[in-house]
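Residues per chain, in single letters:
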Amino acid sequence: MNREVDVLVVGAGPAGLAAAARLAVGGAGKVEVLDREQRAGGVPRHCAHGGYGTWLHPLTGPAYARLLVDAAQRTGAVVRTGVSVLDWADPARGALALATVGRDGPATIEARAVILATGARERPRAARLVPGTRPAGVYTTGELQQAVHLYGQRIGTRAVIIGAEGVSYSAADTVRAAGAEVVAMVTESDRARTTGLRAQDARLRRRVPLLTGTAVVELLGHGRLSGVRVRHRDGRTAVLACDTVVFTGDFVPENELARRGGLTLAPETSRPGVFAAGTLLHPGESAAEAARAGARVAGTVQGFLNDPCRPAPEAYPAAPSRPSANTPMP
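As the structure is a computational prediction, the values presented were derived from the model and not from experiment.

(A) Representation of the packing of helix 4 (residues 166–177) against helix 5 (residues 196–205). Where helix 4 contacts helix 5, the two axes come as close as 11 Å, and the packing angle between them is 35°. For the crossing formed where helix 4 meets helix 5, the hand is left-handed. Contacts between helix 4 and helix 5 involve G166, Y169, S170 and D173 from the former and R198, A199 and A202 from the latter. Here the contact of helix 4 with helix 5 is composed, by residue class, of three nonpolar, two polar and two charged.

(B) The arrangement of helix 1 (residues 14–25) in detail. For helix 1, spanning twelve residues, the distance from its first C-alpha to its last is 17 Å, which sits close to the expected 16 Å at 1.5 Å a residue. Among the twelve residues that make up helix 1, ten are buried, leaving the element largely enclosed by the rest of the structure. Listing the buried residues of helix 1 in full gives P14, A15, G16, L17, A18, A19, A20, A21, L23 and A24. As for helix 1, its buried residues are in contact with strand 1 (2–10), strand 2 (31–35), helix 2 (61–74), strand 5 (78–81), strand 8 (105–116) and helix 7 (287–306). Two residues or fewer past helix 1, G27 is found with a positive phi of approximately 80°.

(C) Representation of the sheet that holds strand 16 (residues 237–241). If you walk across this open sheet you meet the three strands as 14-15-16, and the pairing is antiparallel. If you trace the sheet from one side to the other, it starts and ends with strand 14 (214–220) and strand 16, each paired once. Along the sheet, successive strands turn relative to each other by an average axial angle of 30°, direction set aside. Strand direction decides the pairing type here: strand 14 and strand 15 (residues 227–232), joined by six bridges, are antiparallel. Along strand 15, the bridge assignment pairs T214 with H232.

(D) How the structure looks around the nonpolar core. In terms of nonpolar packing, the biggest core is built from 36 residues, with V7, L23, V31, I115 and V301 touching the most fellow members. Where this core is concerned, the elements lending two or more residues are strand 1, helix 1, strand 2, helix 2, strand 8 and helix 7. With near-sequence residues (within four places) excluded, L23 lies in contact with V7, A28, V31, I115, A298, V301 and Q302. In this structure, A147, V148, I155 and A202 belong to the second largest nonpolar core, which totals 20 residues.

Rules behind the numbers
- Residues numbered from 1 in each chain as written.
- Predicted model: local features only at pLDDT ≥ 70, side-chain atom pairs only at ≥ 80, totals over all residues.
- Heavy atoms only, no water.
- Axes fitted to C-alpha atoms, helices over the stretch in contact; angles between N-to-C directions.
- Helix = DSSP H or I, 4+ residues; strand = E, 2+ residues; numbered from the N terminus.
- Left-handed = near helix turned anticlockwise from the far one by under 90°.
- Contact = heavy atoms within 4.5 Å.
- Nonpolar A, V, L, I, M, F, W, Y, C, P; charged D, E, K, R; others polar.
- Expected span 1.5 Å × (residues − 1).
- Buried < 20%, exposed > 50% of the residue type's maximum accessible area, 1.4 Å probe, protein only.
- Pairing = 2+ DSSP bridges.
- Core = buried A, V, L, I, M, F, W, Y, C linked by side-chain atoms within 4.5 Å.

In short, geometric facts, not functional conclusions.
Laid out in structure tokens, this is it:
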């Protein structure tokens with residue numbers, strides 16, 4: 001099945017949805033958003049805590065996600081979920097086309113412009129090269145939040161949080177929401193990388209120990225996690241008994257599609273007609289920042305649609321040749 005659209009947005013998170021809404025309301029033509037997840041909204045849809053919206057109209061993550069999805073659909077953008085984008089289709093012909101697969105089978109979609117808003121993910125345990133056994137009970141923040149808030153799963157009773165960033169404290173909130181205890185937060189930094197108020201609340205009111213200058217060097221347990229071995233920078237080691245560990249932060253971009261296209265990433269990429277926005281460019285930025293970036297890139301896309309023959313910015317080098325399958329991921 002083949003079809004054509006004016007703008008194809010890959011990723012239905014804050015950046016992609018904000019870009020789609022602005023383009024659709026601005027008369028960009030047929031705007032379509034694709035996402036491999038079954039529900040649109042990106043990371044906020046499984047962040048049950050507050051901190052979204054504005055000071056006058058605070059929202060939880062799911063409410064913020066619904067607001068973005070509703071805004072895009074009201075303006076006329078089509079949001080399709082459960083659709084995976086596999087690769088660029090027929091790159092030799094020069095057309096902007098993507099090969100996809102979804103509930104209705106494979107499809108090739110051609111577009112006048114493509115926006116990559118594929119987001120970022122936390123680096124999991126394997127990518128951090130933490131040795132030890134492979135027990136159950138090991139999560140990233142995103143996996144934890146989905147397990148607790150989307151699927152209502154039990155996660156254990158005692159959790160260690162790896163990291164001390166804002167997202168780490170959100171993970172601690174999710175652990176408590178699941179009825180479990182936060183045994184400690186562990187970071188190799190000298191201090192918490194969040195607001196002083198939030199760090200003090202966790203330490204004084206929640207009584208969560210913060211172990212600075214400390215690294216997790218081994219996971220223990222067979223079948224189920226039984227503890228983590230930590231090492232302080234002075235060489236001392238200890239074992240923290242726990243049945244759950246959450247690796248937080250250390251975000252990396254979901255850049256596989258850009259990599260397969262040989263693209264140099266920037267708001268206006270090295271291939272004319274292909275744009276990028278959100279945490280794909282700035283891993284770890286907030287949902288509000290990503291949404292603003294999506295709205296900004298929509299203006300650039302609109303300019304391209306109005307004048308597709310304009311020269312690309314000289315600051316962006318030409319696209320490199322397509323990397324081989326052996327090219328290492330960053």
